[in-house]
Amino acid sequence: GQSLEQPSEVTAVEGAIVQINCTYQTSGFYGLSWYQQHDGGAPTFLSYNALDGLEETGRFSSFLSRSDSYGYLLLQELQMKDSASYFCAGETAGAGSYQLTFGKGTKLSVIP
Amino acid sequence: ETGVTQSPTHLIKTRGQQVTLRCSSQSGHNTVSWYQQALGQGPQFIFQYYREEENGRGNFPPRFSGLQFPNYSSELNVNALELDDSALYLCASSQKTSGNYEQFFGPGTRLTVL
């Protein structure tokens, strides 16, 4: 089976840096994606790691360690609009199909 | 470029009924995945369609079925509705090339089963 674990809630101050961790147990693991979802909204893609290391996209960075089955999303210069739920999603491949398995999500609250 | 759209936005059904949800994929995308998202949970993969064929399925019973049409739009059908089927149903489209990690989600259909 597939499972991804992430903290349920994180609170951080505006302007600060926050790290959201994700550990996974998946067979056929191909890579790790991160999605953001505001209350009442649709998930939107943030970042993807197929290889070990850090990927940077503006204020957001994502890291993967395949040997540790671990990744994280780093958000810098936090803004109030970053308050949302963040999901890690493991991409698995098999029989010509690529699928995403999502974690339960981390609710980030940014406070002034 | 048109994004992913879903209809209806909200739906109320009673236990035992059947429901059909619709999804139009983003222009140029040939793969549609359907997810069920319960309140406070992450999206759970139901199945995926690629070029009108089911191309992967999650841990959902056969009463969850789907279709994909030649224009890549898709339907999710759920028979014999149960109370636990109450959830947000999301569809996501992507262009299947070397992976499927970036998916574009629609706004979802909120299904309530009474």
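Look above for the structure.
Residues numbered from 1 in each chain as written. Chains lettered and ligands numbered in written order. Predicted model: local features only at pLDDT ≥ 70, side-chain atom pairs only at ≥ 80, totals over all residues. Heavy atoms only, no water.

Engineer: Please clarify how the interface of chain B and chain A should be interpreted in this entry.
Structural biologist: How big an interface is tends to be stated in terms of the accessible area lost upon association of its parts. Residue-level contacts link 23 residues of chain B with 19 residues of chain A. When chain B packs against chain A, the two sides together hide about 1600 Å² of surface, and 55% of this comes from carbon and sulfur. The largest contributions to the chain B side of the interface with chain A come from P43, Y101 and F105 of chain B, which together make up 33% of the buried area. At the surface where chain B touches chain A, the tally comes to zero salt bridges. On the surface where chain B and chain A come into contact, there are six residue pairs in polar contact (both at pLDDT 80 or more). Only β4 (31–37), β5 (44–50), β6 (53–57) and β9 (87–94) of chain B provide two or more residues apiece to the side of chain B that touches chain A. (Contact = heavy atoms within 4.5 Å. Buried area = accessible area lost by both parts, 1.4 Å probe. Salt bridge = Lys/Arg side-chain N within 4 Å of Asp/Glu carboxyl O. Polar contact = N/O pair within 3.5 Å; in protein donor to acceptor, adjacent residues only side chain to side chain. Helix = DSSP H or I, 4+ residues; strand = E, 2+ residues; numbered from the N terminus.)

Engineer: Looking at this structure, I do not really get the pattern of salt bridges. What am I missing?
Structural biologist: Oppositely charged side chains can pair when the atoms bearing their charge come close. For the coordinates displayed, the defined rule picks out six salt bridges over all chains. Note that D39 of chain A is salt-bridged to K107 of chain A, the shortest N-O span being 3.6 Å. Taken together, the residues span a long stretch of sequence, with D39 of chain A in the loop between β4 (29–37) and β5 (44–49) and K107 of chain A in strand β11 (residues 106–111) at a distance of 68 residues. Under the relative-accessibility criterion, D39 of chain A is labelled exposed at 67%. The closest approach of N and O atoms between R57 of chain B and E54 of chain B, which form a salt bridge, is 3.2 Å. Exposure remark for R57 of chain B: the relative accessible area of 29% places this residue in the partly exposed category. Residue class for E54 of chain B comes out partly exposed when judged on its relative accessible area of 38%. Among the ionic contacts, a cluster of salt bridges with common partners joins R63, E82 and D85 of chain B. (Buried < 20%, exposed > 50% of the residue type's maximum accessible area, 1.4 Å probe, protein only.)

Engineer: For this particular structure, what's the right way to read the packing of aromatic side chains?
Structural biologist: One pair of aromatic rings is described through two measures. These are the centre distance and the angle between the planes. Per the counting criterion, the structure on display carries 17 aromatic pairs over all chains. Between Y35 of chain A and F102 of chain A, the aromatic rings sit 5.5 Å apart at their centres with planes inclined by 55°, giving tilted as the arrangement. Of this pair, Y35 of chain A sits in strand β4 while F102 of chain A sits in strand β10 (residues 97–102); the two residues are 67 residues apart in sequence, bridging distant segments of the chain. Using a relative accessible area of 9% as the deciding quantity, one classes F102 of chain A as buried. Judged by centre distance (6.0 Å) and plane angle (45°), the rings of F45 of chain A and Y101 of chain B are tilted. Linking F45 of chain A in strand β5 with Y101 of chain B in the loop between β9 and β10 (104–105), this pair reaches from one chain into another. The exposure class assigned to Y101 of chain B is partly exposed, which follows from its relative accessible area of 29%. Connected via pairs of aromatic rings, a cluster forms that spans Y35, F45, Y48, F87 and F102 of chain A together with Y35, F45, Y101 and F105 of chain B. (Phe/Tyr/Trp six-rings, centres within 6.5 Å; stacked < 30°, edge-to-face > 60°.)

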